[in-house]
Amino acid sequence: MEYFIILNKCAGGNKARLLWPKVEARLKQLNISYRTFVTQYDGHAVELANQILSQITHAHHSDAVVMAAGGDGTLHETLLGCIGYYATYPSESKIPIAFLPIGSGNDFARALKIPLHWDKALEQILHCSKAASLTVGQYTNLDTHDEGYFTNNFGIGFDATVVHDANRSSLKNSRYFGKFSYWISVINALRTFQGFNTHVKIPGKPEDVYQNAFLVTTTNLPYFGGGIKIAPDASAYKNQLDLIIVEKPNPIQLLLFVSMIFLKRHLSLRFIHHYVQKELLISTKDSRYGQIDGEELGERTYNLKFETASYPFWIR
Ligand SMILES: Nc1ncnc2c1ncn2[C@@H]1O[C@H](COP(=O)(O)OP(=O)(O)OP(=O)(O)O)[C@@H](O)[C@H]1O
(Lines give C-alpha, C1' and ligand atoms only; values in the text may rest on other atoms or scores of the structure.)
Protein backbone atom coordinates (compact mmCIF):
# COMPACT_ATOMS: atom_id res chain seq x y z
CA MET A 1 0.00 0.00 0.00
CA GLU A 2 1.01 3.61 -0.46
CA TYR A 3 -0.35 6.17 2.01
CA PHE A 4 -0.83 9.79 0.92
CA ILE A 5 -0.92 11.57 4.28
CA ILE A 6 -2.61 14.97 4.69
CA LEU A 7 -1.14 16.25 7.95
CA ASN A 8 -2.52 19.15 9.99
CA LYS A 9 0.28 19.96 12.46
CA CYS A 10 -1.99 22.52 14.19
CA ALA A 11 -4.59 19.89 15.17
CA GLY A 12 -5.12 19.14 18.85
CA GLY A 13 -3.80 22.57 19.87
CA ASN A 14 -0.50 21.79 18.06
CA LYS A 15 -0.31 18.31 19.62
CA ALA A 16 -0.02 16.88 16.10
CA ARG A 17 3.24 18.83 15.56
CA LEU A 18 4.80 17.07 18.57
CA LEU A 19 3.44 13.63 17.68
CA TRP A 20 4.35 13.66 14.02
CA PRO A 21 8.09 12.75 14.38
CA LYS A 22 7.01 9.64 16.34
CA VAL A 23 4.49 8.66 13.65
CA GLU A 24 7.12 9.15 10.93
CA ALA A 25 9.69 7.13 12.85
CA ARG A 26 7.18 4.25 13.12
CA LEU A 27 6.33 4.42 9.40
CA LYS A 28 10.04 4.32 8.52
CA GLN A 29 10.74 1.52 10.98
CA LEU A 30 7.97 -0.57 9.36
CA ASN A 31 9.21 0.33 5.87
CA ILE A 32 5.81 1.74 4.90
CA SER A 33 5.52 3.58 1.61
CA TYR A 34 4.06 7.04 2.25
CA ARG A 35 4.13 10.68 1.20
CA THR A 36 3.28 13.60 3.47
CA PHE A 37 1.40 16.77 2.50
CA VAL A 38 1.34 19.33 5.32
CA THR A 39 -1.58 21.79 5.49
CA GLN A 40 -0.46 25.42 5.48
CA TYR A 41 -3.78 27.16 6.14
CA ASP A 42 -7.45 26.66 6.96
CA GLY A 43 -9.10 24.83 4.04
CA HIS A 44 -5.80 23.61 2.53
CA ALA A 45 -6.64 19.91 3.07
CA VAL A 46 -9.47 20.25 0.50
CA GLU A 47 -6.97 21.34 -2.17
CA LEU A 48 -4.37 18.78 -1.09
CA ALA A 49 -6.85 15.88 -1.33
CA ASN A 50 -7.83 17.04 -4.80
CA GLN A 51 -4.17 17.35 -5.89
CA ILE A 52 -3.27 13.94 -4.45
CA LEU A 53 -6.07 12.20 -6.34
CA SER A 54 -5.07 13.85 -9.59
CA GLN A 55 -1.44 12.70 -9.07
CA ILE A 56 -2.28 9.07 -8.34
CA THR A 57 -1.61 7.21 -11.54
CA HIS A 58 -3.32 4.06 -12.80
CA ALA A 59 -0.16 2.06 -11.96
CA HIS A 60 -0.59 2.30 -8.18
CA HIS A 61 -4.27 3.27 -8.02
CA SER A 62 -5.49 0.06 -6.36
CA ASP A 63 -2.85 0.36 -3.61
CA ALA A 64 -3.41 3.98 -2.63
CA VAL A 65 -5.04 5.33 0.54
CA VAL A 66 -5.48 9.02 1.43
CA MET A 67 -4.84 9.38 5.17
CA ALA A 68 -6.15 12.43 7.04
CA ALA A 69 -3.88 13.00 10.07
CA GLY A 70 -5.39 15.62 12.37
CA GLY A 71 -8.76 16.29 13.93
CA ASP A 72 -12.30 15.98 12.63
CA GLY A 73 -11.85 19.26 10.70
CA THR A 74 -8.95 17.79 8.72
CA LEU A 75 -10.98 14.67 7.96
CA HIS A 76 -13.92 16.86 6.89
CA GLU A 77 -11.74 18.86 4.47
CA THR A 78 -10.10 15.69 3.11
CA LEU A 79 -13.54 14.22 2.39
CA LEU A 80 -14.63 17.45 0.62
CA GLY A 81 -11.50 17.39 -1.55
CA CYS A 82 -12.03 13.73 -2.48
CA ILE A 83 -15.74 14.10 -3.23
CA GLY A 84 -14.99 17.27 -5.22
CA TYR A 85 -12.42 15.38 -7.33
CA TYR A 86 -14.80 12.49 -8.12
CA ALA A 87 -17.58 14.95 -9.01
CA THR A 88 -15.25 16.04 -11.86
CA TYR A 89 -14.09 12.48 -12.70
CA PRO A 90 -17.13 10.32 -11.85
CA SER A 91 -15.96 7.26 -13.82
CA GLU A 92 -12.78 6.79 -11.72
CA SER A 93 -12.98 4.32 -8.83
CA LYS A 94 -12.67 6.02 -5.46
CA ILE A 95 -9.49 5.94 -3.35
CA PRO A 96 -10.44 5.27 0.31
CA ILE A 97 -9.80 7.67 3.19
CA ALA A 98 -8.08 6.57 6.43
CA PHE A 99 -8.12 8.72 9.57
CA LEU A 100 -5.31 9.09 12.10
CA PRO A 101 -6.97 10.93 15.02
CA ILE A 102 -4.46 13.40 16.43
CA GLY A 103 -6.89 16.30 16.99
CA SER A 104 -8.87 17.46 20.01
CA GLY A 105 -12.44 16.18 19.75
CA ASN A 106 -12.00 13.02 17.66
CA ASP A 107 -15.72 12.17 17.61
CA PHE A 108 -15.37 10.34 14.29
CA ALA A 109 -12.68 8.04 15.71
CA ARG A 110 -14.72 7.41 18.85
CA ALA A 111 -17.80 6.47 16.80
CA LEU A 112 -15.94 4.23 14.35
CA LYS A 113 -13.93 2.55 17.13
CA ILE A 114 -10.64 3.88 15.78
CA PRO A 115 -8.22 3.88 18.75
CA LEU A 116 -7.64 7.38 20.13
CA HIS A 117 -3.95 6.71 20.73
CA TRP A 118 -1.90 7.38 17.58
CA ASP A 119 0.16 4.17 17.57
CA LYS A 120 -2.87 1.87 18.00
CA ALA A 121 -4.77 3.85 15.36
CA LEU A 122 -1.83 3.65 12.95
CA GLU A 123 -1.52 -0.09 13.55
CA GLN A 124 -5.23 -0.52 12.74
CA ILE A 125 -4.87 1.47 9.51
CA LEU A 126 -1.81 -0.53 8.45
CA HIS A 127 -3.62 -3.83 9.15
CA CYS A 128 -6.76 -2.83 7.24
CA SER A 129 -7.18 -4.80 4.02
CA LYS A 130 -10.55 -3.68 2.65
CA ALA A 131 -12.36 -0.36 2.31
CA ALA A 132 -15.81 -0.01 3.94
CA SER A 133 -18.48 2.19 2.41
CA LEU A 134 -19.68 4.62 5.11
CA THR A 135 -22.61 6.98 5.10
CA VAL A 136 -21.76 10.66 5.16
CA GLY A 137 -24.23 13.52 5.38
CA GLN A 138 -24.91 15.65 2.32
CA TYR A 139 -26.60 19.04 2.51
CA THR A 140 -27.87 21.49 -0.09
CA ASN A 141 -28.42 25.15 0.66
CA LEU A 142 -31.84 25.59 -0.98
CA ASP A 143 -31.30 29.37 -1.40
CA THR A 144 -27.91 29.22 -3.17
CA HIS A 145 -27.96 25.55 -4.35
CA ASP A 146 -24.46 25.09 -2.86
CA GLU A 147 -23.74 21.55 -1.66
CA GLY A 148 -21.51 20.18 1.04
CA TYR A 149 -20.81 17.03 3.07
CA PHE A 150 -20.14 16.11 6.67
CA THR A 151 -18.61 13.08 8.33
CA ASN A 152 -19.94 13.95 11.80
CA ASN A 153 -22.69 16.54 12.06
CA PHE A 154 -24.24 19.82 10.95
CA GLY A 155 -25.32 21.82 13.99
CA ILE A 156 -27.32 25.05 14.25
CA GLY A 157 -27.69 26.93 17.53
CA PHE A 158 -26.10 26.12 20.87
CA ASP A 159 -23.28 23.75 19.74
CA ALA A 160 -22.25 26.11 16.94
CA THR A 161 -22.26 29.09 19.34
CA VAL A 162 -19.88 27.16 21.60
CA VAL A 163 -17.60 26.35 18.62
CA HIS A 164 -17.63 30.04 17.60
CA ASP A 165 -16.84 31.26 21.12
CA ALA A 166 -14.20 28.58 21.83
CA ASN A 167 -12.38 29.35 18.54
CA ARG A 168 -11.97 32.95 19.68
CA SER A 169 -10.62 32.07 23.10
CA SER A 170 -6.98 32.97 23.71
CA LEU A 171 -6.61 29.62 25.54
CA LYS A 172 -7.83 27.59 22.55
CA ASN A 173 -4.39 26.36 21.47
CA SER A 174 -3.12 25.66 24.96
CA ARG A 175 -2.46 21.95 25.52
CA TYR A 176 -3.41 22.36 29.17
CA PHE A 177 -6.20 24.96 29.14
CA GLY A 178 -7.84 24.15 25.76
CA LYS A 179 -10.51 21.94 27.38
CA PHE A 180 -11.05 24.50 30.14
CA SER A 181 -11.68 27.26 27.59
CA TYR A 182 -14.18 24.99 25.81
CA TRP A 183 -16.20 24.59 29.03
CA ILE A 184 -16.07 28.37 29.66
CA SER A 185 -17.62 28.78 26.19
CA VAL A 186 -20.33 26.22 27.09
CA ILE A 187 -21.22 28.19 30.24
CA ASN A 188 -21.22 31.51 28.34
CA ALA A 189 -23.54 30.11 25.68
CA LEU A 190 -25.86 28.61 28.32
CA ARG A 191 -26.15 32.03 29.97
CA THR A 192 -26.86 34.06 26.85
CA PHE A 193 -28.30 31.80 24.14
CA GLN A 194 -31.75 32.77 22.80
CA GLY A 195 -34.07 30.12 21.31
CA PHE A 196 -34.85 30.31 17.60
CA ASN A 197 -37.64 29.39 15.20
CA THR A 198 -37.02 26.16 13.26
CA HIS A 199 -39.17 24.27 10.72
CA VAL A 200 -38.61 20.57 9.95
CA LYS A 201 -40.16 18.85 6.93
CA ILE A 202 -40.02 15.10 6.37
CA PRO A 203 -41.16 13.77 2.95
CA GLY A 204 -44.88 12.83 3.06
CA LYS A 205 -45.50 14.38 6.50
CA PRO A 206 -46.76 17.80 7.65
CA GLU A 207 -44.16 20.35 8.72
CA ASP A 208 -43.13 20.48 12.42
CA VAL A 209 -42.49 23.94 13.85
CA TYR A 210 -40.34 24.62 16.93
CA GLN A 211 -40.66 28.23 18.15
CA ASN A 212 -37.89 28.08 20.73
CA ALA A 213 -35.20 25.70 19.44
CA PHE A 214 -31.90 25.56 21.30
CA LEU A 215 -29.94 22.87 19.48
CA VAL A 216 -30.67 21.55 15.97
CA THR A 217 -28.11 18.89 15.06
CA THR A 218 -28.24 16.59 12.05
CA THR A 219 -25.77 13.82 12.69
CA ASN A 220 -24.23 10.77 11.13
CA LEU A 221 -22.57 9.62 14.38
CA PRO A 222 -23.61 9.13 18.02
CA TYR A 223 -21.08 11.66 19.42
CA PHE A 224 -20.69 15.40 19.20
CA GLY A 225 -18.77 18.07 21.13
CA GLY A 226 -15.85 15.75 21.94
CA GLY A 227 -17.56 12.61 23.26
CA ILE A 228 -21.13 13.63 24.19
CA LYS A 229 -23.43 10.80 23.06
CA ILE A 230 -26.24 12.94 21.64
CA ALA A 231 -27.72 10.34 19.21
CA PRO A 232 -26.93 6.94 20.80
CA ASP A 233 -28.15 4.83 17.86
CA ALA A 234 -26.74 6.94 15.00
CA SER A 235 -24.19 5.09 12.89
CA ALA A 236 -22.15 5.74 9.76
CA TYR A 237 -22.88 2.08 8.85
CA LYS A 238 -26.61 2.89 8.48
CA ASN A 239 -27.96 4.70 5.42
CA GLN A 240 -29.76 7.35 7.47
CA LEU A 241 -29.24 10.56 9.40
CA ASP A 242 -30.41 11.40 12.91
CA LEU A 243 -31.80 14.84 13.69
CA ILE A 244 -31.90 15.94 17.32
CA ILE A 245 -33.84 19.08 18.26
CA VAL A 246 -33.62 20.34 21.81
CA GLU A 247 -36.09 23.09 22.74
CA LYS A 248 -34.64 25.76 25.00
CA PRO A 249 -34.58 24.16 28.45
CA ASN A 250 -35.28 25.98 31.72
CA PRO A 251 -32.63 25.42 34.45
CA ILE A 252 -34.40 22.30 35.82
CA GLN A 253 -34.81 20.84 32.34
CA LEU A 254 -31.15 21.57 31.65
CA LEU A 255 -30.13 19.61 34.72
CA LEU A 256 -32.44 16.79 33.66
CA PHE A 257 -31.01 16.87 30.12
CA VAL A 258 -27.41 16.64 31.36
CA SER A 259 -28.18 13.79 33.78
CA MET A 260 -30.26 11.88 31.23
CA ILE A 261 -27.47 12.19 28.61
CA PHE A 262 -25.18 10.27 30.98
CA LEU A 263 -27.89 7.60 31.32
CA LYS A 264 -28.47 7.64 27.53
CA ARG A 265 -32.18 8.28 28.23
CA HIS A 266 -32.37 11.94 27.14
CA LEU A 267 -34.32 11.18 23.94
CA SER A 268 -37.38 10.35 26.05
CA LEU A 269 -37.58 13.93 27.45
CA ARG A 270 -40.54 15.87 26.09
CA PHE A 271 -38.49 18.94 25.06
CA ILE A 272 -36.21 16.75 22.91
CA HIS A 273 -37.28 15.59 19.44
CA HIS A 274 -35.60 12.85 17.44
CA TYR A 275 -35.96 12.05 13.73
CA VAL A 276 -34.25 9.24 11.79
CA GLN A 277 -34.46 9.83 8.04
CA LYS A 278 -32.66 9.49 4.72
CA GLU A 279 -33.89 12.91 3.68
CA LEU A 280 -35.19 15.96 5.58
CA LEU A 281 -35.56 19.72 5.21
CA ILE A 282 -34.67 22.25 7.90
CA SER A 283 -35.26 25.98 7.77
CA THR A 284 -34.57 28.52 10.49
CA LYS A 285 -36.13 31.97 10.68
CA ASP A 286 -33.73 33.67 13.12
CA SER A 287 -29.99 34.17 12.57
CA ARG A 288 -27.87 31.77 14.59
CA TYR A 289 -24.39 30.25 14.34
CA GLY A 290 -23.92 27.01 12.43
CA GLN A 291 -21.09 24.47 12.39
CA ILE A 292 -20.16 21.50 10.21
CA ASP A 293 -17.82 18.91 11.78
CA GLY A 294 -16.63 21.63 14.16
CA GLU A 295 -15.93 24.15 11.37
CA GLU A 296 -17.75 27.50 11.69
CA LEU A 297 -20.41 28.66 9.22
CA GLY A 298 -21.11 32.11 10.66
CA GLU A 299 -24.33 33.58 11.99
CA ARG A 300 -27.29 33.43 9.58
CA THR A 301 -30.59 31.74 8.76
CA TYR A 302 -30.59 28.31 7.09
CA ASN A 303 -32.75 26.70 4.43
CA LEU A 304 -31.31 23.22 3.97
CA LYS A 305 -31.99 19.84 2.48
CA PHE A 306 -30.18 16.90 4.10
CA GLU A 307 -29.59 13.54 2.40
CA THR A 308 -27.28 10.59 2.82
CA ALA A 309 -24.26 9.94 0.58
CA SER A 310 -21.45 7.41 0.83
CA TYR A 311 -17.66 7.22 0.53
CA PRO A 312 -15.14 4.35 1.01
CA PHE A 313 -13.11 4.54 4.24
CA TRP A 314 -10.05 2.54 5.28
CA ILE A 315 -11.04 1.72 8.87
CA ARG A 316 -10.22 -1.86 9.90
N1 LIG B 1 -1.34 25.35 8.84
C2 LIG B 1 -2.51 25.69 9.38
N3 LIG B 1 -2.65 26.88 10.01
C4 LIG B 1 -3.82 27.22 10.58
N5 LIG B 1 -4.94 26.46 10.57
C6 LIG B 1 -4.85 25.27 9.95
C7 LIG B 1 -3.64 24.82 9.34
N8 LIG B 1 -3.85 23.60 8.83
C9 LIG B 1 -5.15 23.29 9.10
N10 LIG B 1 -5.74 24.29 9.78
C11 LIG B 1 -7.11 24.33 10.32
O12 LIG B 1 -7.08 23.81 11.64
C13 LIG B 1 -8.44 23.60 12.02
C14 LIG B 1 -8.58 22.57 13.10
O15 LIG B 1 -8.17 21.33 12.65
P16 LIG B 1 -8.81 19.97 13.15
O17 LIG B 1 -10.30 20.06 13.27
O18 LIG B 1 -8.26 18.92 12.28
O19 LIG B 1 -8.20 19.79 14.61
P20 LIG B 1 -8.88 19.97 16.02
O21 LIG B 1 -9.82 21.14 16.00
O22 LIG B 1 -7.79 19.97 17.01
O23 LIG B 1 -9.67 18.60 16.20
P24 LIG B 1 -11.24 18.25 16.37
O25 LIG B 1 -11.96 18.87 15.20
O26 LIG B 1 -11.28 16.75 16.33
O27 LIG B 1 -11.65 18.84 17.67
C28 LIG B 1 -9.18 23.30 10.73
O29 LIG B 1 -10.16 24.30 10.53
C30 LIG B 1 -8.10 23.43 9.66
O31 LIG B 1 -8.57 24.02 8.46
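Residues numbered from 1 in each chain as written. Predicted model: local features only at pLDDT ≥ 70, side-chain atom pairs only at ≥ 80, totals over all residues. Heavy atoms only, no water.

An unreviewed UniProt entry annotates the protein chain as Diacylglycerol kinase of Lentilactobacillus rapi. Per its UniProt entry, the protein chain bears the Sequence similarities (unreviewed entry) comment "Belongs to the diacylglycerol/lipid kinase family." (UniProt positions renumbered as here; feature names shortened; annotations may be inferred.)

## Focus on the overall build of the protein chain
If you tally the helices and strands in the protein chain, you get eight helices and 17 strands. For 316 residues, the compact-globule estimate of 2.2 N^0.38 gives 20 Å, and the protein chain sits close to it at 20 Å. When burial is assessed residue by residue, the protein chain has 53% of its 316 residues classed as buried. Partitioning the intrachain contacts of the protein chain with sequence separation of at least 6 by distance along the chain shows that 71% fall at a separation of at least 24. As displayed, the protein chain has an accessible area near 14700 Å², and 52% of this comes from carbon and sulfur atoms. Within the protein chain, one finds 31 positive and 28 negative side-chain charges whose respective centroids are separated by 8 Å. (Helix = DSSP H or I, 4+ residues; strand = E, 2+ residues; numbered from the N terminus. Rg over C-alpha atoms; globule rule 2.2 N^0.38 Å. Buried < 20%, exposed > 50% of the residue type's maximum accessible area, 1.4 Å probe, protein only. Contact = heavy atoms within 4.5 Å. Areas by Shrake-Rupley, 256 points an atom, 1.4 Å probe, with all protein chains shown as cover. Lys, Arg positive; Asp, Glu negative; His and termini not counted. Charge placed at Lys NZ, Arg CZ, Asp CG, Glu CD.)

## Side note on the pairing of strand S7 (residues 153-157)
Along S7, five of the five residues are buried, which leaves the element largely enclosed by surrounding structure. Relative to strand S9 (residues 208-219), S7 runs antiparallel, the two being bridged by five bridges. Bridge assignment links Ile156 to a residue of S9, and that residue is Val216. Sheet topology places S7 next to strand S15 (residues 288-292); three bridges connect them, and they run antiparallel. Paired with Phe154 across the strands is Ile292, a residue of S15. (Pairing = 2+ DSSP bridges.)

## Describing the packing of helix H2 (residues 44-55) against helix H3 (residues 72-88)
Packing of H2 against H3 leaves a shortest axis separation of 7 Å and a crossing angle of 45°. Classed by the angle they form, the pair H2 and H3 counts as oblique. The two elements H2 and H3 meet at a crossing, and its hand is right-handed. Here His44, Ala45, Val46, Ala49, Asn50, Leu53 and Ser54 of H2 lie close against H3, whose contacting residues are Thr74, Glu77, Thr78, Leu80, Gly81, Cys82, Gly84, Tyr85 and Tyr86. (Axes fitted to C-alpha atoms, helices over the stretch in contact; angles between N-to-C directions. Parallel < 35°, antiparallel > 145°, perpendicular 65-115°, else oblique. Left-handed = near helix turned anticlockwise from the far one by under 90°.)

## Thoughts on the domain arrangement of the protein chain
Structurally, the protein chain comprises domain 1 (2-129) and domain 2 (138-311). Contact with domain 1, which involves 23 residues of that partner, is made by 19 residues of domain 2. Together, the buried faces of domain 1 and domain 2 total about 1800 Å²; carbon and sulfur atoms form 67% of this surface. On the domain 1 side of the contact with domain 2, His76, Ile83 and Asp107 bury the most area, a combined 28% of that side's loss. Here domain 1 is connected to domain 2 by zero salt bridges. Between the two partners, domain 1 and domain 2, sit seven residue pairs in polar contact (both at pLDDT 80 or more). Put simply, the parts of the chain that give the side of domain 1 that touches domain 2 at least two residues each are helix H1 (11-29), H3 and helix H4 (107-111). Element by element, the count of residues in the side of domain 1 that touches domain 2 is highest for H3, at ten residues. Tallied by class, residues from the side of domain 1 that touches domain 2 come to 13 nonpolar, four polar and six charged. (Domains from an automatic or database assignment. Buried area = accessible area lost by both parts, 1.4 Å probe. Salt bridge = Lys/Arg side-chain N within 4 Å of Asp/Glu carboxyl O. Polar contact = N/O pair within 3.5 Å; in protein donor to acceptor, adjacent residues only side chain to side chain. Nonpolar A, V, L, I, M, F, W, Y, C, P; charged D, E, K, R; others polar.)

## Looking at the side chain of Ser185
Tracing the sequence through the fold places Ser185 in helix H7 (residues 178-192). What makes Ser185 buried here is its relative accessible area of 2%. Sequence-distant contacts of Ser185, that is, excluding residues within four places in its chain, are made with Val162, Asp165 and Ala166.

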